[in-house]
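Report on the structure
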Amino acid sequence: SKTSDKLSEFLESGVYRLEDSNAVFIDPVRVLNRSYTRFRVSPSAYYSRSFDSKHAGQEARVSSNFRKRKRKEKKPQPLNDRERAADQRHQEVRPFLLKAHESLVRATELLEVVSNLKGNLCPSTSSPGAEQSLVELGRVWQAPLYEITLNFHPNDNAREDGGAPTIQYCEQRAFPVFNNLVVNETSEDVEAELLNSRYILPPESSFYMSDLGQIHNLIPAESDCGFNLIVIDPPWENGSARQKQRYSTLPNRYFLSLPVKQICHTDGALVALWVTNREKLRGFVEKELFPAWGVKYVATFFWLKVKADGSLISDLDLFHHRPYECLLLGLVHGKVTDSKQLSSTKPILPDNQIILSIPGGYSRKPPIAGLLHEYAPRLQRGRCIELFAREMTAGWISWGNEPLHFQESRNFMKT
Ligand code: SAM
């Protein structure tokens, strides 16, 4: 039947297009695993925090206490200008979010699979031990001396003639790990070692691990080698001091000098920027940041966060704890190609697209590379890059001060 075709496609791809709405549900683990060849992302590592019932319970308690206290102490205050603008933004997208969520609730065959995700999780078998702080490692004076060793496994096709079994050998190559482009050019996963930790690098992926001060090294020597798809998830400063940070943040003015214009392909690029729900930040991006980068705003996608039972992670209308985040999309127009020509060769970027998923641990964003690909300018030698990345993606370059973070082998299983 039609529905089970959709479900089997989801089991294969991790993507389920929801009926009657501009929405897709994705299972990040399945999406990521499409590109690994010798390893699998471990669901228990990916979902560790969201399925930890103790943690989830605590969070629910805290927020309900918070609401009760608010209700008692404060009479409803008139909204100030900025709050009114934020509320208006929310009211505009609210119908789309509700419709997307209703479609998910109606997709019972999908929800059945998703709710079983928790039951299928085996206890994490990864070895305990503190994870390596790449950010701190990069700050010590020895940083330029640290090397990462890549273990390449050349294809063993010498046995085809039925001759004696060849010895499984492995080619090891070491590269400086900081301020250097480290490339897995093979079409297989590669295991890598850095000090006492192991990392898994997906096929045809690269990383450049450095502080913001070195980002100019990403500017291509020839401008037709630039990037046509750029995803950016900056370490925005967060208003509330109560929210604990897993990484250091930077003031907005630092992002104005990101060389977005300089790394774009001369024929144009699609830029996707994750933002928080703070109204002040939205104003900054629209009025200052996008203009400084030469980006023309086109559309907004929304990431709606759900639990394994399909319910939203928090009330849709909670003012300071929205269950969604925004991805702003803009285009940098190319020098030679005019915009008419561009739009005739690729689908028009739709506004208000909704991506639903169960959030992973540590405020990790869902993998959207595949969803964005079809909207990027089609170029012969187009390349993709993620800025401020904490993980690697097949076919992409990841830049940031900890792009290997989620590549640590504890997050993977061997197939
Ligand atoms: N998109 C990522 C994910 O889904 O996991 C999250 C990125 S997080 C919002 C921002 C990242 O920027 C963090 O990894 C942080 O360590 C990094 N960062 C902060 N300050 C930096 C700096 N000065 N130079 C380079 N990276 C920095």
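Residues numbered from 1 in each chain as written. Predicted model: local features only at pLDDT ≥ 70, side-chain atom pairs only at ≥ 80, totals over all residues. Heavy atoms only, no water.

Within the protein chain, the secondary structure is distributed over 12 helices and 17 strands. Buried residues in the protein chain amount to 47% of all 415 residues. Look at the contacts in the protein chain between residues 6 or more apart in sequence, and 74% of them connect residues 24 or more apart. If you sum the accessible surface of the protein chain, you get close to 22,000 Å²; carbon and sulfur atoms cover 50% of it. (Helix = DSSP H or I, 4+ residues; strand = E, 2+ residues; numbered from the N terminus. Buried < 20%, exposed > 50% of the residue type's maximum accessible area, 1.4 Å probe, protein only. Contact = heavy atoms within 4.5 Å. Areas by Shrake-Rupley, 256 points an atom, 1.4 Å probe, with all protein chains shown as cover.)

Surveying the vicinity of the ligand reveals 18 residues, the closest of which are Asp233, Lys365, Arg390, Asn401 and Glu402. A distance of 2.9 Å is found between a nitrogen atom of the ligand and a backbone nitrogen or oxygen belonging to Leu212. Side-chain polar atom of Asp233 to a nitrogen atom of the ligand: 2.6 Å apart, as the coordinates give it. Bound to the protein, the ligand loses 97% of the 600 Å² it would expose on its own. In terms of residue class, the shell around the ligand is built from 8 nonpolar, 3 polar and 7 charged. (Near = heavy atom within 4 Å. Polar contact = N/O pair within 3.5 Å; in protein donor to acceptor, adjacent residues only side chain to side chain. Nonpolar A, V, L, I, M, F, W, Y, C, P; charged D, E, K, R; others polar.)

A positive phi angle, near 45°, is found at Glu204, a position not held by glycine. Looking at the element boundaries, Glu204 is found in the loop between strand S8 (197–201) and strand S9 (205–209). With phi around 55°, Tyr362 is a residue other than glycine that occupies positive phi space. A residue is classified by how much of its surface remains accessible, and Tyr362, at 28% relative accessible area, is partly exposed.

Now for helix H5 (residues 81–106). For H5, built from 26 residues, the straight-helix expectation of 38 Å at 1.5 Å per residue is met to within 8% by its first-to-last C-alpha distance of 38 Å. A bend of about 40° at Val93 is the largest found in H5, and the proline Pro95 appears one to four places after it. Within H5 the residues assigned to the buried category are Ala86, His90, Val93, Leu97, Ala100, His101, Ser103 and Leu104. For H5, the side-chain oxygen to backbone nitrogen distance between the N-cap and Arg82 is 3.1 Å, and the N-cap itself is Asn80. (Expected span 1.5 Å × (residues − 1). Bend = angle between axes of the 7 residues up to and from the residue.)

We now examine the sheet that holds strand S4 (residues 147–152). Ordered by their spatial adjacency, 4 strands build an open sheet running S5-S4-S7-S8, and the pairing between neighbours is antiparallel. The open sheet is flanked by strand S5 (171–176) and S8, the only strands paired with a single partner. The mean angle between the axes of side-by-side strands here comes to 25°, regardless of whether they run parallel or antiparallel. Summarising the sheet, S4 and S5 pair through 6 bridges and their orientation is antiparallel. Of the residues in S5, the one forming a bridge with Leu150 is Arg173. (Pairing = 2+ DSSP bridges. Axes fitted to C-alpha atoms, helices over the stretch in contact; angles between N-to-C directions.)

Under the counting rule described, the total for this entry stands at 16 salt bridges. Ionic pairing is found between Glu286 and Arg89, a salt bridge with its closest N-O pair at 3.4 Å. Pair noted here: Glu286 is in helix H10 (residues 279–293) and Arg89 is in helix H5, with a separation of 197 residues, a long-range link. Assessed through its relative accessible area of 41%, Glu286 is described here as partly exposed. Overall, the relative accessible area of 25% leaves Arg89 in the partly exposed class. A salt bridge links Arg173 to Glu171; the nearest nitrogen and oxygen atoms lie 3.8 Å apart. (Salt bridge = Lys/Arg side-chain N within 4 Å of Asp/Glu carboxyl O.)

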